[in-house]
Amino acid sequence: MKVSLFVTCLIDLFYTNAGKATVELLKRLGCEIDFPEAQTCCGQPAYNSGYVKEAKEAMKHMIRTFEHADYVVTPSGSCATMLKEYPRVFQGDREWESKAKALADKTYELTQFIVDVLKVEDVGAKFQGRATYHTSCHMTRLLGVKEAPFKLLKNVKGLELVPLPNAYQCCGFGGTFSVKMGTISEQMVDEKIEHIEEVNADYLIGADCGCLMNIGGRLKRQGKPIKVMHIAEVLNSR
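Bear in mind that the values here come from a model prediction, so they are computed numbers and not experimental data.

1. Observations regarding the packing of helix H2 (residues 16-28) against helix H7 (residues 110-117)
(1) Moving on: Across the interface, H2 lies against H7 with an axial gap of 12 Å and an inter-helix angle of 10°. Classified by the angle their axes make, H2 and H7 are roughly parallel. Contacts from Thr-22, Leu-25 and Leu-26 of H2 reach H7 at Leu-110, Phe-113 and Ile-114.
(2) Moving on: Taken together, the residues that form the contact of H2 with H7 break down as 5 nonpolar, 1 polar and no charged.

2. Describing the pattern of salt bridges
(1) Moving on: On inspection of all chains with the given rule, the structure shows 8 salt bridges.
(2) Moving on: The shortest N-O distance in the salt bridge between Arg-218 and Glu-186 comes to 3.4 Å. Here Glu-186 lies in helix H11 (residues 182-198) and Arg-218 lies in helix H12 (residues 209-221), a separation of 32 residues in the sequence.
(3) Moving on: Notably, a salt bridge pairs Arg-218 with Asp-190, separated by 2.7 Å at the nearest N-O pair. One end of the pair, Arg-218, is in helix H12; the other, Asp-190, is in helix H11, and 28 residues separate them in sequence. One exposure class covers both Arg-218 and Asp-190, and it is buried.
(4) Moving on: By sharing partners, the salt bridges in this structure join Glu-186, Asp-190 and Arg-218 into a single network.

3. With respect to the domain arrangement of the protein chain
(1) Moving on: When the domains of the protein chain are assigned, the result is domain 1 (2-116) and domain 2 (121-236).
(2) Moving on: Inter-centroid distance (C-alpha atoms) of domain 1 to domain 2 is 22 Å.
(3) Moving on: With 27 residues of domain 1 in contact, the opposing surface of domain 2 contributes 24 residues.
(4) Moving on: Each partner contributes to the roughly 2,100 Å² buried at the junction of domain 1 and domain 2, and carbon and sulfur atoms together form 68% of this total.
(5) Moving on: Looking only at domain 1, the three residues that lose the most surface to domain 2 are Tyr-15, Thr-111 and Val-115, adding up to 24% of its buried area.
(6) Moving on: There are 0 salt bridges connecting domain 1 and domain 2.
(7) Moving on: At the surface where domain 1 touches domain 2, the tally comes to 11 residue pairs in polar contact (both at pLDDT 80 or more).
(8) Moving on: Residue assignment for the side of domain 1 that touches domain 2 shows that the elements contributing at least two residues are helix H1 (9-13), H2, helix H3 (44-48), helix H5 (77-89) and H7.
(9) Moving on: A per-element tally of the side of domain 1 that touches domain 2 places H2 first, with 7 residues.

4. Overview of the pairing of strand S1 (residues 2-5)
(1) Moving on: Where S1 and strand S2 (residues 32-34) come together, 3 bridges link them in parallel fashion. Bridge pairing in S2 links Lys-2 to Glu-32.

5. Thoughts on the sheet that holds S2
Strand pairing in a sheet relies on backbone hydrogen bonds, with the paired strands running either antiparallel or parallel.
(1) Moving on: Spatially, 4 strands are ordered S2-S1-S3-S4 in an open sheet, and the strand pairing comes out parallel. Single-partner strands in this sheet number two, and they are S2 and strand S4 (107-109). The sheet shows a mean angle of 35° between the axes of neighbouring strands, taken without regard to direction.
(2) Moving on: Against the sheet, H7 makes contact with S1, strand S3 (72-74) and S4, and its axis sits at roughly 105° relative to S4, the strand it touches most.

6. Points about empty space enclosed by the protein
(1) Moving on: The tally for this structure, following the rule as stated, stands at 1 cavity of 30 Å³ or more.
(2) Moving on: Within this model, the largest cavity holds a volume of roughly 30 Å³.
(3) Moving on: Lining the largest cavity are Tyr-133, Thr-135, Ser-136, Met-139, Thr-140, Val-145, Lys-146, Pro-149 and Phe-150.
(4) Moving on: Sorting the residues of the lining of the largest cavity by element identifies helix H8 (137-142) and helix H9 (148-153) as the ones contributing at least two each.
(5) Moving on: Looking at the lining of the largest cavity residue by residue, the class counts come to 5 nonpolar, 3 polar and 1 charged.

7. Thoughts on the side chain of Lys-192
(1) Moving on: Structurally, Lys-192 can be placed in helix H11.
(2) Moving on: The side chain of Lys-192 is buried and forms no salt bridge, while Glu-191, the nearest opposite charge, is found at 8.7 Å.
(3) Moving on: Reaching out from Lys-192, the side chain makes a polar contact with the backbone oxygen of Ala-167 at a distance of 3.3 Å.
(4) Moving on: Not counting residues within four places of it along the chain, the set of residues in contact with Lys-192 comprises His-134, Leu-164, Asn-166, Ala-167, Gln-169, Cys-170, Cys-171 and Ile-215.

8. Digging into the packing of helix H4 (residues 52-65) against H5
(1) Moving on: Their axes nearest at 11 Å, the elements H4 and H5 cross at an angle of 110°. By the angle between their directions, the pair H4 and H5 is classed as roughly perpendicular. In the packing of H4 onto H5, the handedness of the crossing is left-handed. The residues of H5 that touch H4, namely those facing Lys-56, Met-59, Met-62 and Ile-63, are Met-82, Tyr-86 and Val-89.
(2) Moving on: When the residues that make up the contact of H4 with H5 are grouped by side-chain class, the tally is 6 nonpolar, no polar and 1 charged.

Rules used in this analysis
- Residues numbered from 1 in each chain as written.
- Predicted model: local features only at pLDDT ≥ 70, side-chain atom pairs only at ≥ 80, totals over all residues.
- Heavy atoms only, no water.
- Axes fitted to C-alpha atoms, helices over the stretch in contact; angles between N-to-C directions.
- Helix = DSSP H or I, 4+ residues; strand = E, 2+ residues; numbered from the N terminus.
- Parallel < 35°, antiparallel > 145°, perpendicular 65-115°, else oblique.
- Contact = heavy atoms within 4.5 Å.
- Nonpolar A, V, L, I, M, F, W, Y, C, P; charged D, E, K, R; others polar.
- Salt bridge = Lys/Arg side-chain N within 4 Å of Asp/Glu carboxyl O.
- Buried < 20%, exposed > 50% of the residue type's maximum accessible area, 1.4 Å probe, protein only.
- Domains from an automatic or database assignment.
- Buried area = accessible area lost by both parts, 1.4 Å probe.
- Polar contact = N/O pair within 3.5 Å; in protein donor to acceptor, adjacent residues only side chain to side chain.
- Pairing = 2+ DSSP bridges.
- 1 Å grid on protein atoms, 1.4 Å probe; cavity = no way out; pocket = protein on both sides within 12 Å on 5 of 7 lines; lining within 4 Å.
- Points joined across faces, edges and corners; volume = space filled by probe spheres on them.
- Lys, Arg positive; Asp, Glu negative; His and termini not counted.
- Left-handed = near helix turned anticlockwise from the far one by under 90°.

Structure follows, in structure tokens:
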């Protein structure tokens, strides 16, 4: 099965280990990986800030870049959601609507692809530790991927996964929200950290690097020993 990897900006610039883990994991599951080097930002930051015209240029570039792909897989629920939004953005556009829909239809978040397309729930991972999982807003509420991460994590040997209280509460990142509403965002992430500490977790696992960056940054500033990990890193552990 041929898979084109959409690596995302945050992974490319800040969380390269999550990108490497994604590639290694998919290869181990029998996928042939293609990495289109022309890929750029999906346009989400500009689009969410109201710069729709400017964002469309990035979207058109991404559509062209992945036009050849059989499947597009990304280790980010948020960025997968943005690609799924393309058809609505280009609705009524004779040239781009059908192309946008074609890209959206073949795009999957990593755990969604493994469980729903590859039909795998045990990737043979081994990881020792007590962890809890953060359900990011875009991935669960907009993309609708809720069960796949838990199906995979429950089969990781050695992993003690404990429920996170108020799991569906936003961590306060929200892209530009954390910049524009910094004080409110800070209170939200502090509350999220309180819940992580409540279950005595050594690790916080997530599938969106924006959330992990926000929570992990706050943990570091507070001097907390809890480590954040992308789910791809856990699933790739042997």
